Amino acid sequence: MPSALGSVLLGAALLVGPASTPAGGQTALTAPKPQAPRFKPLPAPSLNFYGSPGLIDMPSAEMLPDGQFATTYSWFGGQSRYNLTFQATPWLSASFRYNGIKTNGAQIAGFDTYYDRGFDVRARLWREGRYRPAVTIGLQDFAGTGIYASEYIVATKRFATPPLGGRGQGGQLKVTAGLGWGRLGSHGSIGSISGNRPAFVPGDTGGELSYDQWFRGDVAPFAGIEWQANDRWGFKAEYSSDAYALETGAPNVFERKSSFNFGAEYRLSPRTRLGAYYLYGSEFGITAQIQLNPKDPPQPMAVPAPVPVAPRSAWATEERHWSRDWAQSRKARTTLRDALAEALKQEGLILEAITLPAGGSSAELRYRNTRYRSQTQAVGRAARAMARLLPPSVETLKIVPMRGGLALSQVVLRRSDLEALEFDADATEALWAVTAVQEAPALAQDALVSEELYPAFTTSFSPYTAPSYFDPALPFRLDIGVDLKASYAPAPGWRIAGAIRQRFWGNVADGRPSNSVLPRVRTDQREYAQFGTTLENLYVARQWRMGQDLYARSTAGLFESMFGGVSGELLWKPVSSRLALGIEANYVVQRDYDQRFSFRDYKTFTGHASAYYQLDNGYHVQIDAGRYLAGDYGATFSLDREFANGWRVGGFFTLTDVSSEDFGEGSFDKGFRISIPLDWLLGKPGRNRFNTVVRPTQRDGGQRVEVPGRLYEQVREGHRNRLNSQRARIWE
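A separate point is the nonpolar core. As a rule of thumb, soluble globular proteins bury nonpolar side chains together. Within the largest apolar cluster, 37 residues are counted, with the highest numbers of intra-cluster contacts made by L340, L344, M386, L390 and L418. Within the residue set of this core, elements represented by two or more residues are α3 (330-346), β14 (349-355), β15 (362-369), α4 (375-389), β16 (396-403), β18 (410-414), α5 (415-421) and α6 (427-433). Among the elements that make up this core, the one with the highest residue count is α4 (7 residues). Ignoring sequence-local partners within four residues, the contact set of L390 consists of I354, L356, A363, L397 and R415.

Structure (structure tokens):
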């Protein structure tokens, strides 16, 4: 996951002065002005033991570069913390943490090592100025059991320092001070706000927002400094306001002898930082940090250069010289179709159909994109092929991206614009300004359809991983094996597909048994993991256009490892609209544990009405309301951020009519998800992705069936907002 490099350039070069001609007519060259030194950018802020920008155990007011994704591990005094942090906006970040606390026999909630999950959120109140510090407010462990629950307000100011030994690039001194409540107000209190604050209760299921406790109880100061000596080394010292009352109460875990902590960190690479520390006068600690950014891939994309646009000659562009005889000949049009199909194949595109009207002045191409994550890039490649191969009389190019038999949109551009603007200084904006994106019409009756597309049979053989998170006995379990997948498309829009899974190794089958009081629609995961060879899915699906802006899907069969049935979906999504509305209905039956063709007794109807909305800057909002697998009613709220290079990071939560007691640990369903395009990692164009969803606790409330091929992500790929956000790639 991505790279940690949102840094600020500290120096800029002065331009060499231009030549000048004095009034006497003699030419004199101005002497080059001295250039300012070019400094390497200082690294992104370092992270504390909680995975947030900070000192050692205390926070700072810094923010990571926008979009930064960080994963950290820290250990000291019998405590291990695994943290994931995402900089959702320039001023807001969120963290998820999984930690283990050793108690050496002084059990917490019945465990010798107490494992716990928590969420943090931080918001910057204002940026650092010339004289004022940056100020950030934060909530720590605000939606977990509350073992680390605290709030703080903190300020940080940076100062430039001279280079070591008087040579090279200088460094930075960061001074931080703040006030903490909860855990961060438990040592050295200077007062109390709104009375006493309830203490952590072992065995609490957590998951509820204890907003009535925020910024309440004892308040204590904390402070520290960090010296970033150069782009490699950093040194830290802090005064901690955390008393560690719970941990120091256990025998032989650690003794808090001092409030001062010291550490040194080394930046091993632009993405990796290691640290060693002496803490609380008695303990040594370590940390490892990996920071990635979607905007900074590990290696540049290696895409073969597109074939240059072949401009028509001035003579050929004059209408009086055009010949349209070819448009009357089926043989000539078929020859053009075959030549264009071969050219598109070289670009990773598959021609589905081409329409060449009798007038000979326009052409419509329908293609399937198998190579490029960006449909805009595929549109540009298709347009170049059309401009190179079609007769001079064809001026209007109509390009229709297809997916699963659905015509997503129609991109209309003039061939003359493509020829004139290829090397224009503002080629992207100029071409996009004269390009239309509109609803795709029905396929013309005289269209020449590719004769090699249907029926189509494909197979794939690939490894799989199936993780299971946060079992108290073993926090991370994993199954690995291979999937053999096959699909058969007898006609446009139709698909028969299935997957056989062979598990080679794993320990998910050894996980804890379900204790759910709800129908066990998801918590029987260990029961489904007992078998080595399984039928992962087997279904038949059809999707089609029902009318203007209206798409439909129907699916029947074994949808996923736990459920099969019948499913239907309608989606309303205008080509130029940010809004989409959908409705889905499913009748499902729970599959037997062996995942063959038998079923269990549990049957249910589930369905949702959904609203999707695309905000600016890549943000997507989705709300799904309806009936879930366990028979509960409620709604799921999702917010995702999508980057131009295909990275997608988001979070969700579901509230239903199931009480927190019946739901169990966690109180309600919530989690985050990450989707990484593999071309970002490999540097080669492709459409495959790595997807993962992490829930602090997998329970049965608020769960949906996983139906293959839901419509929204397919359809929006070729609509105006998505194409517009990637418009620069029309020339790639």
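Quick look at the environment of I153 now. On the secondary structure map, I153 appears in strand β6 (residues 150-161). Spatially, the C-alpha atom of I153 lies 5.6 Å from that of L179, the residues being 26 residues apart in sequence.

Here the focus is the environment of L274. With respect to the helices and strands, L274 occurs in strand β12 (residues 272-279). With 13 residues separating them in the primary sequence, L274 and T287 have C-alpha atoms 5.8 Å apart. Beyond its immediate sequence surroundings of up to four residues, L274 is in contact with A264, E265, Y266, L268, T287 and A288.

Another aspect to go through is empty space enclosed by the protein. The gaps of empty space that remain are located by a probe, the size of a water molecule, rolled over the atoms. The final tally for this structure, using the stated rule, is 3 cavities of 30 Å³ or more. By volume, the second largest cavity amounts to about 40 Å³. For the lining of the second largest cavity, the secondary structure elements donating two or more residues are β28 (599-614), β29 (619-627) and α10 (711-716). With 3 residues, β29 is the largest single contributor of residues to the lining of the second largest cavity. Here the lining of the second largest cavity is built from residues that sort into 4 nonpolar, 2 polar and 2 charged.

A separate point is the environment of T334. Structurally, the position occupied by T334 is in helix α3. T334 sits in the partly exposed class, given a relative accessible area of 21%.

With that settled, consider the pattern of salt bridges. Inspection of every chain in the model, using the stated rule, returns 43 salt bridges. D338 serves as the salt-bridge partner of R337, at 3.1 Å between the closest nitrogen and oxygen. The class of R337 is buried, set by a relative accessible area of 7%. D338 sits in the partly exposed class, given a relative accessible area of 41%. In this structure, the salt-bridge partner of D483 is R501, at a minimum N-O distance of 2.8 Å. Of the two residues, D483 is situated in strand β22 (residues 474-489) and R501 in strand β23 (residues 494-506); the sequence distance between them amounts to 18 residues. Members of the salt-bridge network, linked through shared partners, are D640, E642, R648, R673, E713, R716 and R722.

Reading the values: the criteria
- Residues numbered from 1 in each chain as written.
- Predicted model: local features only at pLDDT ≥ 70, side-chain atom pairs only at ≥ 80, totals over all residues.
- Heavy atoms only, no water.
- Core = buried A, V, L, I, M, F, W, Y, C linked by side-chain atoms within 4.5 Å.
- Buried < 20%, exposed > 50% of the residue type's maximum accessible area, 1.4 Å probe, protein only.
- Helix = DSSP H or I, 4+ residues; strand = E, 2+ residues; numbered from the N terminus.
- Contact = heavy atoms within 4.5 Å.
- 1 Å grid on protein atoms, 1.4 Å probe; cavity = no way out; pocket = protein on both sides within 12 Å on 5 of 7 lines; lining within 4 Å.
- Points joined across faces, edges and corners; volume = space filled by probe spheres on them.
- Nonpolar A, V, L, I, M, F, W, Y, C, P; charged D, E, K, R; others polar.
- Salt bridge = Lys/Arg side-chain N within 4 Å of Asp/Glu carboxyl O.

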